Amino acid sequence: MSTYSRRRFVQMGSLASASFFVPKFLKAFERKAIAENKILVVLQLSGGNDGLNTVIPYNNDIYYASRPVLGIKKNDVLQMDDEQGLHPALKGLKALYDNGEMALLNGVGYPNPNRSHFRSMDIWQSASDSETVINTGWIGRYLDAQCLHADKPTLTMEIDDTLSLALKGKNNTGIAVNKPKQFYGDSHDSYFKAILQKHPVNDEHLNVDYLYKTLAESMSSADYIYQQSKIYKSNVSYPNTNIGKDLKTIAELINSHIDTKIYYVSLSGFDTHVNQHPQQQRLFTDMSDSINAFVKDLKSSNRFKDVMLMTFSEFGRRVGQNASGGTDHGTANCMFLVSGVLKKQGILNAAPDLTDLDQGDLKYQVDFKDVYATMLHNWLKTDDANILNRKNNYLNFI
């Protein structure tokens, strides 16, 4: 590695970020997609979204007493039933709810909740309990299981420049691709081609051969991903925002029949310690309009029946507002489930009990690992207990 040092090699930018995590079976992209392909889209709301101002208990006096400034006015709430309604910026989700295409889980969390962003996100992404540290993600372990036992590899993709813990398994990992065209362009950069041409036969550095191999696979597969991404171009109008563009990319890939089982995408900015109202209004408008466009896109190709979108956040916020026009880190939160084939729609369980708190925080009703188990077992038809390292309860929304 005399001309191109290893240090330079690992600084190659977005292509390197992706190629380091390219699974060895990435070549599986280079085949025809199967006809039936149930797909899970995970939307991570980073920062700890305030669930109580997402799904508002608008007939609960304790809610308004705890949030004299931050409480959403009853007349502004998008009412779902006699007790709960959505934030006024979530008009797109309300339309899905009215159509029977959205389900809501209240109070999702885990025992002994951790209020650190980093630790709680790790718990959600690794599907661990609060006392255990696991260095693999639940989606990565799904890949490990599929590659070990299935007759065809199954792939996952994060729409980003870097890969989250959730998609890192012990033996296999997903791929991070921000934009297929950019990924393709990077793969054809003369610098990377020169690197491959100078591949050393006997290199003293450990793992270098592996990096060359994954780079070669990445460059090859980038061509396929890009060519597939051109098959379907959406005519649906999405918000001109990051999450709007990301969901449009996912819809185009789904409608191009790339054989990806799980897509992972994030929306950041939910850590609302100050000025929560305008921040949540902006984020919810963006998220709701983007999801609504995504569903419209899938319906146009008759793929909505094959897709499940699931939202989560690493924790909710405390019940009471703080002195800065915001809320501080809390515990349990709500999750939205969007699909064209939900067996149960609407509100799936009771609103959080504001008379029974844990030092000012909500008590969880549903362990998030039960949601994962339901997705793995009922939607993706795989052995959830092996992947989650425990037997969980299945929910009845699919």
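So, how was this worked out
Residues numbered from 1 in each chain as written. Predicted model: local features only at pLDDT ≥ 70, side-chain atom pairs only at ≥ 80, totals over all residues. Heavy atoms only, no water. Salt bridge = Lys/Arg side-chain N within 4 Å of Asp/Glu carboxyl O. Helix = DSSP H or I, 4+ residues; strand = E, 2+ residues; numbered from the N terminus. Buried < 20%, exposed > 50% of the residue type's maximum accessible area, 1.4 Å probe, protein only. Contact = heavy atoms within 4.5 Å. Phe/Tyr/Trp six-rings, centres within 6.5 Å; stacked < 30°, edge-to-face > 60°.

The name given to the protein in an unreviewed UniProt entry is DUF1501 domain-containing protein, with the source organism recorded as Arachidicoccus soli.

K.L.:
Give a detailed account of the pattern of salt bridges, specifying residues and quantitative values.
P.N.:
Going through the model one piece at a time under the given rule, you end up with twelve salt bridges. Here Lys38 and Asp306 are joined by a salt bridge, their closest N and O atoms 3.5 Å apart. Taken together, the residues Lys38 in the loop between α2 (14-19) and β1 (39-46) and Asp306 in the loop between α11 (276-300) and β9 (307-312) connect sequence positions 268 residues apart. Lys38 sits in the partly exposed class, given a relative accessible area of 27%. Here the salt bridges share partners, and the residues they tie into one network are Lys38, Arg303, Lys305 and Asp306.

K.L.:
Any chance you could break down helix α4 (residues 91-98) for me, citing the residues and the numbers?
P.N.:
The set of residues buried in α4 consists of Gly92, Leu93, Lys94, Leu96 and Tyr97. Here the buried face of α4 lies against β3 (78-79), β4 (85-86), β5 (102-109), α11, β10 (333-339) and β11 (346-347).

K.L.:
Account for the packing of aromatic side chains, naming residues and giving values.
P.N.:
Taken as a whole and judged by the stated rule, the model has eight aromatic pairs. Ring geometry for Tyr63 and Tyr64: centres 4.8 Å apart, planes at 80°, overall edge-to-face. Here Tyr64 falls in the partly exposed class, since its relative accessible area comes to 24%. The interplanar angle of 75° and the centroid separation of 6.4 Å between the aromatic rings of Trp124 and Tyr372 together place this pair among those described as edge-to-face. With Trp124 in helix α5 (residues 117-126) and Tyr372 in helix α12 (residues 368-379), this pair connects stretches of sequence that are 248 residues apart. Here Trp124 falls in the buried class, since its relative accessible area comes to 2%. Members of the aromatic cluster, joined through ring pairs, are Tyr110, Trp124, Trp138, Phe312, Phe368 and Tyr372.

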